[in-house]
Amino acid sequence: MKRRTIVLGALLWCGAAASQSVIEWTEQPGILGLGFPVPEPVDTPLPFDGFRSYNGLLTRHQDFMLNHEFIAGEVVGNSEAGRDIWAYRYSDADSITVTGLPEPAIYTQGGIHAREWQSPEVLTGIMEHLVANAGDQWLHRYLLDNMNMVLLPVLNVDGYLQTQRYPRQVYLEGSAPRDGRMRRKNMLGVDEDINTSGDRLLGVDLNRNSPPFWATNSGASSSDPGSIVHHGSGPHSEPESLAMVAAARLGPEDRLRMYTDVHSFSQVHFSVNTNNTRRNVIQRNLLGDFSSFHAQLEGGKVYIDRPSDARQGQAIGSTDEFFAVTYAVPSWTLEIEPSGTLSPDAHPSLPGCGADYGGFASNCHDGFILPESEIRRVRENLGQTFPIAYYGQAGPPSVTAVRWIDDATGAVVADAEWDVQSATQRSLFFNQVQPLQLDRSYTLWLAFDKPMRWRNDNGQIAPLPGQATRTTEVTADLLLEDVTQSPEDSSGQWLANAGGAPDGYYRYRDDAYSASFNLAGSPLAAAITGETQVTLNLSAQDMVGQLLDGDPATPADWGIVGNWVGYEDTNGVETDLGGSDDTLTFAVTSAALDDPFVITPGVSAVWFDPTHDGEGFVIEVLDNQRAVVYWFTYDKAGNQRWMIGIGQVRGNEVVFPELLESSGGIFGDAFDPAQVQFSNAGNASFVWSDCGAFRMRHNVDVRNQRQAALRLTDSTGSGCEFDTDRFSLLPFTGSWYDLEHDGEGFVISAAGPDRVVVYWFTYDDAGNQAWIVGDGSFDNGQVNIEQAFIASGGVFGDAFDPDTVSLEPWGQLQFSLGCNSGSVNYQSVLPQYGSGSQNLTRLTNLAGLDCTTD
Amino acid sequence: MNRALALLALALYAAAGLATDELEARSQAQRLLLMTSVLPSQAVLAELERFSDDRSIPLETREAALRQYVLSLRDEPPDAVNWQAAELLSRYRERALVSHSHSLQNAVPVHNVAAPARGTLNVWTRKLERSAGELALANQDYGYFSSLSANHMQVVAGAADALKHAPVQLLEPAIPHLIAAVTREPALAPIMLAAAANLSDPDLTAVALEFLEGADRFRTVLELDGIIGPDAARAWWLKSLDSGPDQAAAIAALGRMAADDPDVSEELFTLMGDADLGAAAALALGKSQAPGLVDRAAELLKSDQPMLAARGRLMLQSHGGRQALQILERQP
Ligand SMILES: [Zn+2]
């Protein structure tokens, strides 16, 4: 029955190991046989199917930092050996969201344990994914604009370099490989030579070095400097730990909403529970979103949440405890794959360690050595997944704007928007031009403060991978007591193209939704007599299933105790769950009204808000649904400022996607058009309620601000059309400039039958913007302005006070205008302007006017 | 903390308090190994089951013995009995636990049994495949290659082992069949590479590179000079700079030549303004310490194109010499 003789010597796997000290990981079977090629770091910054050297990774990070304006790098500390430790902020330059709230922050950290090479690659993978998708005008652009993502790729730089110095060699202590490729700790007291025996076990475990539970548990950390979990001489005794704290301050720390310490291996989230149940639930849901998304990616790898309690006796002095307790944010240790034979088993279908990939698992420390053939997938999949978690912690969704657009005229009949006033307050701007009528068709346009939908490869709306179908549902109903009116069947759609209401998204792809209503014959119509207020009931979830903020007046934020604040449910009660939004009501009438006002050429005029007397707008309506605005105003210091926009006319609205401001011009003969630079200062929208008034919104100064303007000039007759009979000078109005002075110019408007008002948008002698205004007589193409003025002292935006504006005499201007060409002479009383002349060419032809006298 | 976690924590302390009796574990592993060599499979499996629950031996020692046993089995032939034994233990659930090195409240085995048992099966898969490959070559049974599967890492690796160490006279007639096999299943490209390495045949390496992907490809391109000679490799790398999957490996490899080969360092300089590759070229050049490099990097630093200036900076950073660092320090 004996099948063969057995060589008992072969048994001595462990015994043989003890007799050697420094041995190598090998591909072929052996004490440390992997079953796959032993990875060796390569000096390249480019992502490849393998691991980059520290220099390669650093070059990648620095190249990104130097070439993208949305990345800022900072040395947040130095390692034990004095090497720089870098952290990078992935965010736009300001620390304010596009609506004007303080930006939230996340902090993701890698490379605390040297041998876990997966970790710096994954941090770099997050960066690579953000850079590659920065232009998507969707989720990733949203994150860059509205969040401060602090990424620290390699904390334990010295240790990491030591593992790369010895990519194969380790010192075997019993069956545990230490130092060399298996160094975990920092290099305190350690030289770089693995063969010197006195020091190779030394170093501090940087994941046992944090308060508040530092050295509180002798089963979990050790005062023995040779222990693999040596906690060091005191809480945050190590320079690397201090660098971590400094990196968190880049958030800044009071804006943090999430911390992840990226390790390997085990394929789990070791999350930290605190005594704040609400924080724990948010964290669990966040990790659920992370894992269910990741599981749908190419590798199909499932990350299991295995929470621990941050409490005396259980806690170990790790960094995730520090962040969970100190900053009260979701905080966890991500253990990258392979799976790790946990008990109870997190992955019953996986063998664990290197065997997950078909390897030999000769020593389960091979889980720290991901095969080169796997790292690209791991890096890319986790690089895609982290932004999903960031998106969740960016905050619950909130309705930001609602519009009703009359389909027949394209006019905005109702315009509601939540304008940020402070970090804790939004105010509702509400402008209903006319009540909704029962027998008209309207488009309801809803905008949210974040991109709300995922699209599949065919461009169709689909749940975010891993999320339930219900997360794609939307309710936008009109309510009057017990009567509910939904939009017309299948008219609802998310908007994937730019352009704003009614057909485009607001700021990011799929941040807006539109639906059609016609109330004729509806039960709701039957319930309305005269003018009645009807409630709009809105319900939707963002991509990770977070419900709407039930009360946008109080912006949702992460509270200092560790849960959402200002995040209300349907009844206005603060929760972490949100609800539906029924904060908006609109007037509906049973009467039949005239069509709403739509823009006519006669809108071309000078306009001003009476509470902003001293600044204003020149509007020029051109052909082909275009319009120009000149905004003459001030900067925050009371200096003159002007902006110009070219807009699109839509019904009663003009949309200016960009307001341009200029710099670099010099007044007079020194003017050099090549020195003039135009830059984008913001955007604006103007909505006319009738021929004599508009409400305008601008986002120039961080947040939405508004003005309600009336006419300063009027040359209309009936129907808001130009009265060209009475105002025979009208054909000469418009914008004029000298071809050799491209970058400054004159705008001439009719102020009366034989009077004009002229704005000269120019510069002072120091290259600052300046504008000069004057009114004067018009006679057969000859304009004479006896007294022009230059203004100062106004303050941009809501802080404007008419009383601080002062006018100073500037001098005289004389124009001689034909239909298409002319000239100007000027004599300023201010020495820095002096006198001179320009040859003029017409720049704009106003719609509805035709000049034929030339 | 919930009750289950409390119990788990207690169990962990208990486990930590027990030391493995190494001698006992080794003697039990020897006994199991001997038993496996003489008993029929049913009896072997029954004994392994019995031993797993033998409370007369402390749990931790028992599992240490099982671990040593599955590791030692690797040196035995993968016959049916051994295979079934390893397979049985690949489903074993360890019960002697210690806390995970990242989380006190999560446990891992003191002695892994199941994962190394699975690893033992993988070792055998590789050995069996190597034997099968060697036999096929000896018998000129080339149908073996046309039916080879790429589903298991160790199947491909085992076949590659056979080809890498085969006598040249057996290998050469197999080459057309290898090419056919790799054409059918590109994931088998590593076997072609093994044959090319064995024969030191540049043409065959080139054929393998038509199919190789991922990590194998990167490593091969990076070390191409050792396979096809420095001149041929240099030509290959230069050709690969323009496009394709080998740009990163080619730049890293060319960097090693840049110090002594002005044409190569010029080629790398031309990449400096490339959005994707420029940083790689900057690192390769900087590391190369090529003559005149610091001056040229300092020139780039003054460029009015921000990307070129950035690459000059990266070059100086990766150069790391005193002069380079001084130039960087003088930068704003
Ligand atoms: Zn770790």
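Residues numbered from 1 in each chain as written. Chains lettered and ligands numbered in written order. Predicted model: local features only at pLDDT ≥ 70, side-chain atom pairs only at ≥ 80, totals over all residues. Heavy atoms only, no water.

Helix and strand counts for chain A stand at 10 helices and 43 strands. Overall, the C-alpha framework of chain A stretches about 120 × 70 × 45 Å when taken along its three principal axes. Per-residue burial for chain A yields a buried fraction of 63% across its 854 residues. Within chain A, residue pairs in contact and separated by at least 24 positions form 65% of the contacts whose partners lie at least 6 positions apart. Carbon and sulfur atoms provide 47% of the accessible area of chain A, an area that totals close to 28800 Å². Chain A carries 51 positive and 109 negative side-chain charges, and their two centres are separated by 12 Å. (Helix = DSSP H or I, 4+ residues; strand = E, 2+ residues; numbered from the N terminus. Buried < 20%, exposed > 50% of the residue type's maximum accessible area, 1.4 Å probe, protein only. Contact = heavy atoms within 4.5 Å. Areas by Shrake-Rupley, 256 points an atom, 1.4 Å probe, with all protein chains shown as cover. Lys, Arg positive; Asp, Glu negative; His and termini not counted. Charge placed at Lys NZ, Arg CZ, Asp CG, Glu CD.)

Splitting chain B by domain gives domain 1 (3–112), domain 2 (129–212) and domain 3 (230–332). Here the C-alpha centre of domain 2 of chain B lies 38 Å away from the C-alpha centre of domain 1 of chain B. (Domains from an automatic or database assignment.)

Residues and elements named next belong to chain A. We note that the domain assignment places domain 1 (65–393), domain 2 (399–589) and domain 3 (601–842) within chain A. Between domain 1 and domain 2, the C-alpha centre-to-centre distance is 39 Å. Of the roughly 2800 Å² buried at the junction of domain 1 and domain 2 (both faces included), carbon and sulfur atoms supply 58%. The largest contributions to the domain 1 side of the interface with domain 2 come from W138, R278 and Y391, which together make up 26% of the buried area. With its nearest N and O atoms 2.7 Å apart, the salt bridge here joins D557 to R257. Along the contact surface separating domain 1 from domain 2 lie 17 residue pairs in polar contact (both at pLDDT 80 or more). For the side of domain 1 that touches domain 2, the elements supplying multiple residues, two or more each, are helix 4 (139–146), strand 8 (256–266), helix 7 (277–295) and helix 9 (372–393). Looking at the side of domain 1 that touches domain 2 element by element, the count peaks at 6 residues for helix 7. Of the residues that constitute the side of domain 1 that touches domain 2, the class distribution is 15 nonpolar, 9 polar and 7 charged. (Buried area = accessible area lost by both parts, 1.4 Å probe. Salt bridge = Lys/Arg side-chain N within 4 Å of Asp/Glu carboxyl O. Polar contact = N/O pair within 3.5 Å; in protein donor to acceptor, adjacent residues only side chain to side chain. Nonpolar A, V, L, I, M, F, W, Y, C, P; charged D, E, K, R; others polar.)

Now for unusual backbone geometry. Residues and elements named next belong to chain A. P212 follows P211 through a cis peptide bond whose omega is 0°. A cis amide bond, omega 0°, links A501 with the succeeding residue P502. Mapping P502 onto the fold places it in the loop between strand 22 (493–494) and strand 23 (512–518). One non-glycine residue with positive phi stands out, namely Q267, at about 60°.

Contacts between the two partners involve 72 residues from chain B, matched on the other side by 73 residues from chain A. Across the chain B to chain A interface the summed buried area is about 6000 Å²; carbon plus sulfur atoms make up 56%. Three residues, H102, M153 and L283 of chain B, lead the burial of chain B against chain A; their summed loss comes to 11% of the area buried on that side. Summed over the shared surface of chain B and chain A, the number is 5 salt bridges. Linking R219 of chain B and E372 of chain A is a salt bridge whose minimum nitrogen-to-oxygen distance equals 2.5 Å. Counting every contact that joins chain B to chain A gives 20 residue pairs in polar contact (both at pLDDT 80 or more). Along the lines of polarity and charge, the residues of the side of chain B that touches chain A split into 37 nonpolar, 20 polar and 15 charged.

A separate point is the sheet that holds strand 43 (residues 835–842) of chain A. All names here are of chain A. Reading around the barrel, the 8 strands line up as 36-37-38-39-40-41-42-43 and close back on themselves, with antiparallel pairing between neighbours. In this sheet, adjacent strand axes meet at a mean angle of 30° when their direction is disregarded. Examined bridge by bridge, strand 42 (residues 821–828) and strand 43 share 7 bridges and lie antiparallel to one another. Of the residues in strand 43, the one forming a bridge with V824 is Q838. (Pairing = 2+ DSSP bridges. Axes fitted to C-alpha atoms, helices over the stretch in contact; angles between N-to-C directions.)

Another aspect to go through is helix 6 (residues 114–138) of chain B. Compared with the 36 Å implied by 1.5 Å per residue over 25 residues, the 36 Å span of helix 6 of chain B between its first and last C-alpha is a close match. Note on helix 6 of chain B: the residue one or two positions beyond its end, Q140 of chain B, has a positive phi of about 50°. (Expected span 1.5 Å × (residues − 1).)

One way to put it is that helix 2 (residues 54–67) of chain A packs onto helix 20 (residues 306–319) of chain B with a least axis distance of 9 Å and a crossing angle of 150°. By the angle between their axes, helix 2 of chain A is roughly antiparallel relative to helix 20 of chain B. As for how helix 2 of chain A packs across helix 20 of chain B, the hand of that crossing is right-handed. Facing T59, Q62, D63, L66 and N67 of chain A of helix 2 of chain A, the residues of helix 20 of chain B in contact are P306, M307, A310, R311, R313, L314 and Q317 of chain B. Residue classes in the contact of helix 2 of chain A with helix 20 of chain B are distributed as 5 nonpolar, 4 polar and 3 charged. (Parallel < 35°, antiparallel > 145°, perpendicular 65-115°, else oblique. Left-handed = near helix turned anticlockwise from the far one by under 90°.)

In this structure, the second largest pocket occupies an estimated 1500 Å³ of space. Contributing to the lining of the second largest pocket are 43 residues, with E27 and P37 of chain A together with P190, A215 and D216 of chain B lying nearest its centre. Those elements that place two or more of their residues in the lining of the second largest pocket are helix 9 of chain A together with helix 8 (153–164), helix 11 (189–199), helix 13 (214–222) and helix 14 (224–228) of chain B. Of the residues forming the lining of the second largest pocket, the biggest block, 7 residues, is contributed by helix 8 of chain B. Considering only residue class, the lining of the second largest pocket consists of 20 nonpolar, 10 polar and 13 charged. (1 Å grid on protein atoms, 1.4 Å probe; cavity = no way out; pocket = protein on both sides within 12 Å on 5 of 7 lines; lining within 4 Å. Points joined across faces, edges and corners; volume = space filled by probe spheres on them.)

This part takes up the confidence of the model for chain A. Per-residue confidence for chain A gives a mean pLDDT of 95, with 97% of residues at or over 70. Here residues 5–19 of chain A is modelled with pLDDT under 50, and outside its nearest four sequence neighbours on either side it reaches 25 contacts, counting other chains as well. (pLDDT = per-residue confidence, 0-100.)

Residue and element names in this part refer to chain A. Enumeration according to the criterion identifies 3 disulfides over all chains in this entry. Each sulfur in the disulfide pair C691 and C720 lies 1.9 Å from the other. One quick way to see it: the torsion about the S-S bond of C691 and C720 is about 75°, and its sign makes the bridge right-handed. Within this pair, whereas C691 is found in the loop between strand 33 (677–690) and strand 34 (693–701), its partner C720 is found in the loop between strand 35 (703–711) and strand 36 (734–737), the two being separated by 29 residues in sequence. Classification of C691 as buried rests on a relative accessible area of 18%. (Disulfide = S-S within 2.5 Å.)

Moving on, we get to the pattern of salt bridges. Following the criterion strictly, the structure yields 55 salt bridges over all chains and no others. Residues joined by salt bridges that share partners form a network here, namely R52, R60, E121, E128 and R379 of chain A.

What follows is about the packing of helix 4 of chain A against helix 9 of chain A. All names here are of chain A. Running from N to C, helix 4 and helix 9 point in directions that differ by 55°, and their axes come no closer than 10 Å. When the axes of helix 4 and helix 9 are compared, the pair comes out oblique. Like other packed secondary-structure pairs, helix 4 and helix 9 cross with a definite hand, here left-handed. For the pair helix 4 and helix 9, contact is made by L139, H140, Y142 and L143 and by P387, I388, Y390 and Y391, respectively. The residue makeup of the contact of helix 4 with helix 9, split by class, is 7 nonpolar, 1 polar and no charged.

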